[in-house]
Amino acid sequence: MHRRPNVIHRCWTALKRPSAKHSLLALLALGFFSGIIFWGAFNTGMEATNTLEFCIGCHEMRDTVYQEYKETTHYSNRSGVRVICSDCHVPKDWTHKMWRKTKASMEIWGWLTGTINTKQKFEAKRMELATREWERMKARDSIECRNCHSYDAMSSELQKFTPYKKHMEGMAAGKSCIDCHKGVAHKLPKEYEEPM
Amino acid sequence: MRICNRNRVAVFAVAASWLFSGAALAAVDVDGAKALAKQNNCFKCHSITTELDGPAYKKVAEKYRGKATAENRLIEHITSGEKAKFADGHEEEHKIVKTSPPKDKAQIKNLVQWILAQ
């Protein structure tokens, strides 16, 4: 008895078979425009996950870190410049952004299992979550901070003497922003101790 | 006998000051004060015992010990952005301590009481 090939095999055979109906130009045009539509949709979707509204879509972020951030200078300041979650927590370049997004997909598992779905649970994990983010920032040499701030742009005349002195010492020692500036947009974990 | 009375007075004064500082510390939310100090980067310039860019908190407490205006003076110092004098003679505005929720006087008062109890 003759066995019929399975679905996968039939699909693969159909894909490999040269088109007898459509010209190569038509196929190329179809591929070209399909590619544009795919990448457009992909990037639009990716950018949608970078908005503030997306980040605070869950109460886990909206009721905790978002409320803290709203009281900081990164949310409201005299210059009228505002950074949102993704400015600090998502790399700008595509490769690192994709890697960060892939890792962040694990947060869906955390959401499903309710690891931080109450304030108490969030506080219990705050040190772990903060430490992970500080390590990520340190590994990237605080690039998300340096997208806006730089040692070179600091003016000794406009910056107060003591912070300027500390910044220059930090630069000489090869430190990056996150080495000293922890908890600038959120509360520090209660377990955190300032290095002496 | 007079010396003996003097000694009693001295012992009483020391004991009273210990009791007073102990009671003051007991009323302070130490964890809350330290958390606020950490959040505001106070420990970048101040330590409890060691002189950094700013004076040690023990030295501040010593300076204001027994002064009725101490609490209000320190509250003014850390909330108004007034000039602070540094060891090298230069002056610059002291950082304004921020609380969450904003301008919570109770948290500021607690921090000042903790500093004064050092």
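Use the structure listed above.
Structure report, in brief. Model, not experiment: these values are computed from the prediction.

About the thresholds
Residues numbered from 1 in each chain as written. Chains lettered and ligands numbered in written order. Predicted model: local features only at pLDDT ≥ 70, side-chain atom pairs only at ≥ 80, totals over all residues. Heavy atoms only, no water. Helix = DSSP H or I, 4+ residues; strand = E, 2+ residues; numbered from the N terminus. Buried < 20%, exposed > 50% of the residue type's maximum accessible area, 1.4 Å probe, protein only. Contact = heavy atoms within 4.5 Å. Areas by Shrake-Rupley, 256 points an atom, 1.4 Å probe, with all protein chains shown as cover. Axes fitted to C-alpha atoms, helices over the stretch in contact; angles between N-to-C directions. Parallel < 35°, antiparallel > 145°, perpendicular 65-115°, else oblique. Nonpolar A, V, L, I, M, F, W, Y, C, P; charged D, E, K, R; others polar. Salt bridge = Lys/Arg side-chain N within 4 Å of Asp/Glu carboxyl O.

## Re the overall build of chain B
In terms of regular secondary structure, chain B is built from five helices and two strands. Helices and strands in chain B line up, N terminus first, as α-α-α-α-β-β-α. The buried share of chain B, reckoned over its 118 residues, is 31%. A separation of at least 24 residues holds for 48% of the contacts in chain B among residues at least 6 apart in sequence. Surface summary for chain B: the accessible area is close to 7700 Å², and the carbon and sulfur share equals 60%.

## Focus on the packing of helix 3 (residues 57–64) of chain B against helix 5 (residues 105–116) of chain B
Residue and element names in this part refer to chain B. The contact between helix 3 and helix 5 brings their axes to 7 Å, and the two run at 90°. Classified by the angle between their axes, helix 3 and helix 5 sit roughly perpendicular to one another. Residues Y57, V60, A61 and Y64 of helix 3 form the contact with helix 5, whose own contacting residues are W114, I115 and L116. Grouping the amino acids of the contact of helix 3 with helix 5 by side-chain chemistry returns seven nonpolar, no polar and no charged.

## A short note on the pattern of salt bridges
A side chain of one charge can pair with a side chain of the opposite charge when the charged atoms of the two come close. Applying the stated criterion to the full structure yields 23 salt bridges over all chains. Two residues, A:K166 and B:D53, come together in a salt bridge whose shortest N-O distance is 2.9 Å. Placement of the pair is A:K166 in helix 11 (residues 161–172) and B:D53 in the loop between helix 2 (30–39) and helix 3, with the two residues belonging to separate chains. Of the charged contacts, one joins A:E191 and A:K190 as a salt bridge, the two residues approaching to 3.8 Å between their closest N and O atoms. Judged by its relative accessible area of 39%, A:E191 is partly exposed. The class of A:K190 is exposed, set by a relative accessible area of 59%. Three or more residues are tied together by salt bridges with common partners; here these are A:D93, A:R100, A:E107, A:E133, A:R136, A:R140 and A:E144.

So yeah, pure geometry; function would need other evidence.
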